[in-house]
Amino acid sequence: WAQVLKPNCLCWFRFARTRWKLRGEEMGACLALPSSQVTSPDVTFGPQQGAAYQARPAPTQSQDASAPPGLPMVNVQCPANMAPGAKLYIVTPEGFRLEAFIPPGISAGQSFGVQYDPAALAVASANMPGQPSAPPQASVLQNPQHGARTSGFGFLNQALGTAQQALTQANEVVAARTGRKAEEWVQEARTQAYAKTVNLRTQISSQMESALANADNSKVSALLDSAMAAKLLDGRNAPASIRRAADQVASRQLQEAIASEDPRRLKGALIAANRLNATHLPEFAAAAQTYQKVKKLPPGWDVSKMVLHRQGDKMVAKTDIEDPAVLAKFQRLLDITHRKVYTRDRMGDAVPERLQLLKVHVVTNDDLWANYMARREWVRRDLEADPAGFERYNVETTDTLEDSVADGGEAAESIAETLAAEFGEPLRKDVNETFLFHGTTKQAADSITTSDFRLNLAGTNAGTLYGRGVYFAENASKSDEYTRPDTHNLRYMLLCRTLLGRAYYLDQKDADPRACEEACLRGKFHSVLGDRKKARGTFREFIVFDEEQVYPNYILVYRRVDPQLDPARTLTVQVPLGAAPGTILQVTAPNGQTLQVVVPAGCAVGQTFSMQY
């Protein structure tokens, strides 16, 4: 088909494609490159002559014959002291003002050609509010490799029309050359593909019947591989012989794995049964129970669901909690650990009035749990052998503090005990096991609960005041500082089981991060407790240097409830030159306090935004 199209209208397809995908998101109304670099007939360029700034038409005989017809061209001479990538303003003979970038390889005195579309520029200019009527001003996206560019819905519609015209011409060429419409060729290809699928289905079914009758297990396995590759096991319409073979193979593998009580064989058999759509077999449920017993997983875990929702080789499920009473406990935990204290890590954001819980996902991950439980036993034995320096610390997420129950509501200790018991394993105070918060992003929350924390990324978001570890907080409002909203303005926080063990306690204003690492990695301590609440009046921070001392138990999805702005504590900031959204600025409040603030999304240079401090 392409060979039929090539001499007739392929150039139109290439024209539309080039103008559509120069940068993927915008259309190009003109292009600029040195003629020495032109390798595609999609664009053409004039000879090496012309004047700087005021461009003039290029001789028509220099145009490539395969270029889109009817588009004029101008030449631009590179002025002195200008290097490749520099921006020039040029004016076309029609009065259009464009921005052009000097292409690579062009030096002062040399020229390069620019081809442009006057009609597209006129439409684009007409569709841009606030632009002068004469001369039209094009909106140009900087692209040093492709020269001047303009965008606008007018040109987008024109390009779509060009593409439709090319498609129409292509269909006409196909019909003229073959006597059949393009739609007929497509329908014939679909019919042939369906016929081949039916034929393959029949062949595999017939061969499977023979293999089952002869008890040829190797043949049955080979045919099952072919059936899965052809997706004949998908859905409920699998051929009867293939369905019987799949159940037979899955049942045998599951029974052998159950008898072995080998967790690897059990896991492999469960995954294979899922691939064979044989999870309905009673052996599947029995194998799941055996795997749960061998791996010492909590009794409340649904291993079958973990198999069905596995991610790669990870047996993991992230299930929504729907019980309103349980969700209320999580909301209560957020409320009683919320302290309205501002720190510089908020980057100018006001402390929320409240964190409103929307969803909770409970995480069941067998690999992470096994590693965590093994580490917990190791810490227990270490403390049993050498209890010197061990101190039990009260934590706001798991212990009842006087000011947290002033309203008569449920205490944190009761909530933690209930959550731990329902999950299947109570917290152990003899190893300082506790629930702690960790603020993060949606993507990171999914990655952590699937593959664990990554210490090589420690500090990329929260800093490394106490060393390169994983940081946690007992106050939800502290962990909230490190969250980032998703496209729906939702935020994500993990509630993690954490082993503090023998904690290295620090209440100084300044800490030595290397000393903290040394105490835990080579010393006898298992974690660091940085008491910034005592030193600075802010929050206590908890740091571990072994990711196996943490199990990400729950994903909390919530929304900030912002307070009413206090005019006396509101600062208006103007975005300075060179600052883009996400840039960290240092500003001084009226009271002389030095603050750090992040330029919010959508704020351009010269615009202002307000912050609460």
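Residues numbered from 1 in each chain as written. Predicted model: local features only at pLDDT ≥ 70, side-chain atom pairs only at ≥ 80, totals over all residues. Heavy atoms only, no water.

**Student:** Quick rundown of the confidence of the model for the protein? Include the residues and the values.
**Tutor:** Here the protein averages 78 in pLDDT, while 79% of its residues score no lower than 70. Per-element confidence in the protein is highest for strand β11 (residues 491–499), whose mean pLDDT is 97, and lowest for strand β1 (residues 30–33), whose mean pLDDT is 37. For the stretch residues 1–68, pLDDT sits under 50, and the model shows 171 contacts to residues farther than four places along the chain or on other chains. (pLDDT = per-residue confidence, 0-100. Helix = DSSP H or I, 4+ residues; strand = E, 2+ residues; numbered from the N terminus. Contact = heavy atoms within 4.5 Å.)

**Student:** Run through the pattern of salt bridges, naming residues and quoting values.
**Tutor:** Scanning the entire structure with this criterion turns up 34 salt bridges. Arg 244 serves as the salt-bridge partner of Glu 209, at 2.9 Å between the closest nitrogen and oxygen. Of this pair, Glu 209 sits in helix α4 (residues 182–213) while Arg 244 sits in helix α6 (residues 240–260), and the two are 35 residues apart along the sequence. We classify Glu 209 as partly exposed; its relative accessible area is 38%. With a closest N to O distance of 2.7 Å, Asp 446 and Lys 318 form a salt bridge. Remark: Lys 318 occurs in strand β7 (residues 316–320) and Asp 446 occurs in helix α13 (residues 442–451); sequence separation between them is 128 residues. Look at Asp 446 and you get partly exposed, because its relative accessible area is 36%. Ionic contacts of the salt-bridge type, sharing partners, join the residues Asp 345, Lys 478, Glu 481 and Glu 541 into one network. (Salt bridge = Lys/Arg side-chain N within 4 Å of Asp/Glu carboxyl O. Buried < 20%, exposed > 50% of the residue type's maximum accessible area, 1.4 Å probe, protein only.)

**Student:** Can you break down the pairing of strand β10 (residues 470–473) residue by residue, with the values?
**Tutor:** Of the two faces of β10, both are covered, the one formed by Val 470 and Phe 472 as well as the one formed by Tyr 471 and Ala 473. Strand direction decides the pairing type here: β10 and strand β14 (residues 540–544), joined by 4 bridges, are antiparallel. Within β14, the position partnered with Ala 473 by the bridge is Glu 541. (Pairing = 2+ DSSP bridges.)

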